[in-house]
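Chain and residue survey
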Amino acid sequence: MAKNYYETLGVKKTDSDDVIKKAYKKLALKYHPDKASDDKAKKDCEEKFKSINEAYTTLSDKTKRQQYDMGGRQGFGGGRSGGFSGAQGFGGGQGFGGSDFADAFADFFGSGNSRRQSRENLDLYESVTIKFTEAAFGCEKEIPIRKNVPCSACGGSGAKDGKFDTCKNCDGQGRIQMQQRTPWGVINQAVTCDVCNGRGKIPKEKCYTCNGNGIENKKTTVKISIPKGIDDGQTLRISGAGNASKHGNTGDLLLEVHVKSHKVFTRDRFDIHMDLPITFSQAALGDKIKIPTLSDEDLKIKIVKGTESGAVLRLKGKGIPFLDDPFYKGDQFVKIIIKTPKKLSKAQMKLFQELSKLEK
Ligand SMILES: [Zn+2]
Ligand SMILES: [Zn+2]
């Protein structure tokens, strides 16, 4: 059954993009899985977060919102229960195939995310490895790829010297009328002429370079802006950066992002964790210690008197930024590890022995 995206976001159909964006941000923040207190709450949040993102992906895209609205209004089959839900029939917003959180998230990152109706798969799959901090703060990358592009000799027309004859199959119209049986009756539908692929003309003589295909395989690079907050294993969809076909379509580039590990930090969604070794005396007496942060500037933190080994300090907002949301960032967690000295100098040995006497 189709979900009502407007209800999911708690907005009206007539609301502006701005209102929708604000509503989305509020909900995304409220139901962010990182805010959940336990595993069950986390699961609920993930579900909710996923549907919020799904709704927003559709409603924030002008074309998709239009399609979705259209689908809802037409309501084929007399309503939602009839099996032909408008929204589903039109493909308006059913873009989410992913069953887990990571998939939905990656889709959300992608620009456009258009599921093509064409049967030809023109999508390209590549991967890129970036640094931990590049993932945290976003980066630009040039990715070398090999892909099908319009033939440079004939400009993609497939015709030598650009000379064409009119297509006889469609009389140069590019489309032919066909009767189609559909669940709601027989309808006349114009379909693309498969002799000329909708162009209404066919080459007089084929282009030598591409053998009339109109495409050639070329090495090229794409510049990609990787959004901040991306995590290892997520996939970006770059609309229109895939292969070109002779029918004039282009696929998407699906870029899997791998993130290198960091020498100090480990990551858990938007939080970062580090171990901080301190000495016995620092733990007992307290101290101020400089620690690294993601943003390169060292931060001085206070170790209180009598700190236990394993104690965890939380530095709010020093973690990974969340999407393009300026008011949400993960936290930095610092785990205190008290180092037991392996080698003692004579002076240290003496002091420890004296200390030991006092502790008896
Ligand atoms: Zn050519
Ligand atoms: Zn034709």
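None of the values given here were measured: they were computed from a predicted structure.

A few words now on the coordination of the zinc ion (ligand 1). In the first shell of the zinc ion (ligand 1), the protein supplies Cys151 (SG), Cys154 (SG), Cys207 (SG) and Cys210 (SG), at 2.3 Å from the metal. Every donor residue of the zinc ion (ligand 1) comes from the same chain, spaced as C-x2-C-x52-C-x2-C. With cysteine 154 in the loop between β2 (139–150) and β3 (164–166) and cysteine 210 in the loop between β6 (201–203) and β7 (215–226), the pair connects residues that are 56 residues apart, well separated along the chain. Of the two residues, cysteine 154 and cysteine 210, both sit in the buried class.

Before going further, it helps to spend a moment on the coordination of the zinc ion (ligand 2). Cys167 (SG), Cys170 (SG), Cys193 (SG) and Cys196 (SG) make up the full set of protein donors to the zinc ion (ligand 2), lying at 2.2 to 2.3 Å. Geometry at the zinc ion (ligand 2) is tetrahedral, judged from its four donor atoms and the angles of 102 to 115° they form at the metal. Mapped onto the sequence, the residues coordinating the zinc ion (ligand 2) show the spacing C-x2-C-x22-C-x2-C. Taken as a pair, cysteine 170 in the loop between β3 and β4 (175–182) and cysteine 196 in the loop between β5 (185–192) and β6 lie far apart in primary sequence, 26 residues in all. For cysteine 196, a relative accessible area of 2% gives the class buried.

Another aspect to go through is the packing of aromatic side chains. Where two aromatic rings form a pair, the distance of their centres and the angle of their planes describe that pair. All told, the structure shown has six aromatic pairs when counted by the stated rule. Taking 6.5 Å as the distance between ring centres and 80° as the angle between the ring planes, the aromatic pair formed by phenylalanine 270 and tyrosine 328 counts as edge-to-face. Of this pair, phenylalanine 270 sits in the loop between β10 (266–268) and β11 (271–278) while tyrosine 328 sits in the loop between β14 (312–315) and β15 (332–338), placing them 58 residues apart in sequence. For phenylalanine 270, a relative accessible area of 5% translates into the label buried. The ring of phenylalanine 164 carries lysine 201 above its face, with NZ or CZ at 4.5 Å from the centroid.

Attention now goes to the sheet that holds strand β1 (residues 124–130). The three strands lie next to each other as β1-β9-β8, forming an open sheet whose pairing is mixed. Two strands bound the open sheet, and with one partner strand each, they are β1 and β8 (235–238). Across the sheet, the axes of successive neighbouring strands diverge by a mean angle of 25°, strand direction being ignored. As paired elements, β8 and strand β9 (residues 253–259) share four bridges and run antiparallel to each other. Of the residues in β9, the one forming a bridge with arginine 237 is leucine 254.

Before going further, it helps to examine unusual backbone geometry. Not every positive phi belongs to a glycine, and aspartate 161 is a case in point at roughly 55°. On the basis of relative accessibility, which here comes to 62%, the residue aspartate 161 falls in the exposed class. Phi angles above zero are rare outside glycine, and aspartate 171 is one such case at about 55°. Inspection of the secondary structure assignment puts aspartate 171 in the loop between β3 and β4. What makes aspartate 171 exposed here is its relative accessible area of 62%.

Once that is clear, we can look at the nonpolar core. In terms of nonpolar packing, the biggest core is built from 37 residues, with Leu9, Leu276, Ile278 and Ile291 touching the most fellow members. Taken together, the elements giving at least two residues each to this core come down to α1 (5–9), α2 (17–30), α3 (39–59), α7 (132–137), β11, β12 (287–291), β13 (299–303) and β15. Built from parts of two domains, this core gets at least three residues from each of domain 1 (1–109) and domain 2 (266–359). In this structure, isoleucine 291 is in contact with Met274, Leu276, Asp298, Leu299, Ile301, Leu315, Gln332 and Val334, ignoring residues within four places of it in sequence. In this structure, Ile143, Ile226, Leu236 and Val257 belong to the second largest nonpolar core, which totals 18 residues.

Residue position: arginine 237 is located in strand β8. For arginine 237, a relative accessible area of 11% gives the class buried. Polar contacts involving the side chain of arginine 237 include one to the side chain of aspartate 252, which spans 2.8 Å.

Cut-offs used in this document
Residues numbered from 1 in each chain as written. Chains lettered and ligands numbered in written order. Predicted model: local features only at pLDDT ≥ 70, side-chain atom pairs only at ≥ 80, totals over all residues. Heavy atoms only, no water. Donors = N, O, S within 2.8 Å, 3.2 Å for Na, K, Ca; no water. Helix = DSSP H or I, 4+ residues; strand = E, 2+ residues; numbered from the N terminus. Buried < 20%, exposed > 50% of the residue type's maximum accessible area, 1.4 Å probe, protein only. Tetrahedral: all angles 85-135°; square planar, octahedral: opposite > 155°, others 65-115°. Phe/Tyr/Trp six-rings, centres within 6.5 Å; stacked < 30°, edge-to-face > 60°. Lys NZ or Arg CZ within 6 Å of the ring centre and 35° of its normal. Pairing = 2+ DSSP bridges. Axes fitted to C-alpha atoms, helices over the stretch in contact; angles between N-to-C directions. Core = buried A, V, L, I, M, F, W, Y, C linked by side-chain atoms within 4.5 Å. Domains from an automatic or database assignment. Contact = heavy atoms within 4.5 Å. Polar contact = N/O pair within 3.5 Å; in protein donor to acceptor, adjacent residues only side chain to side chain.

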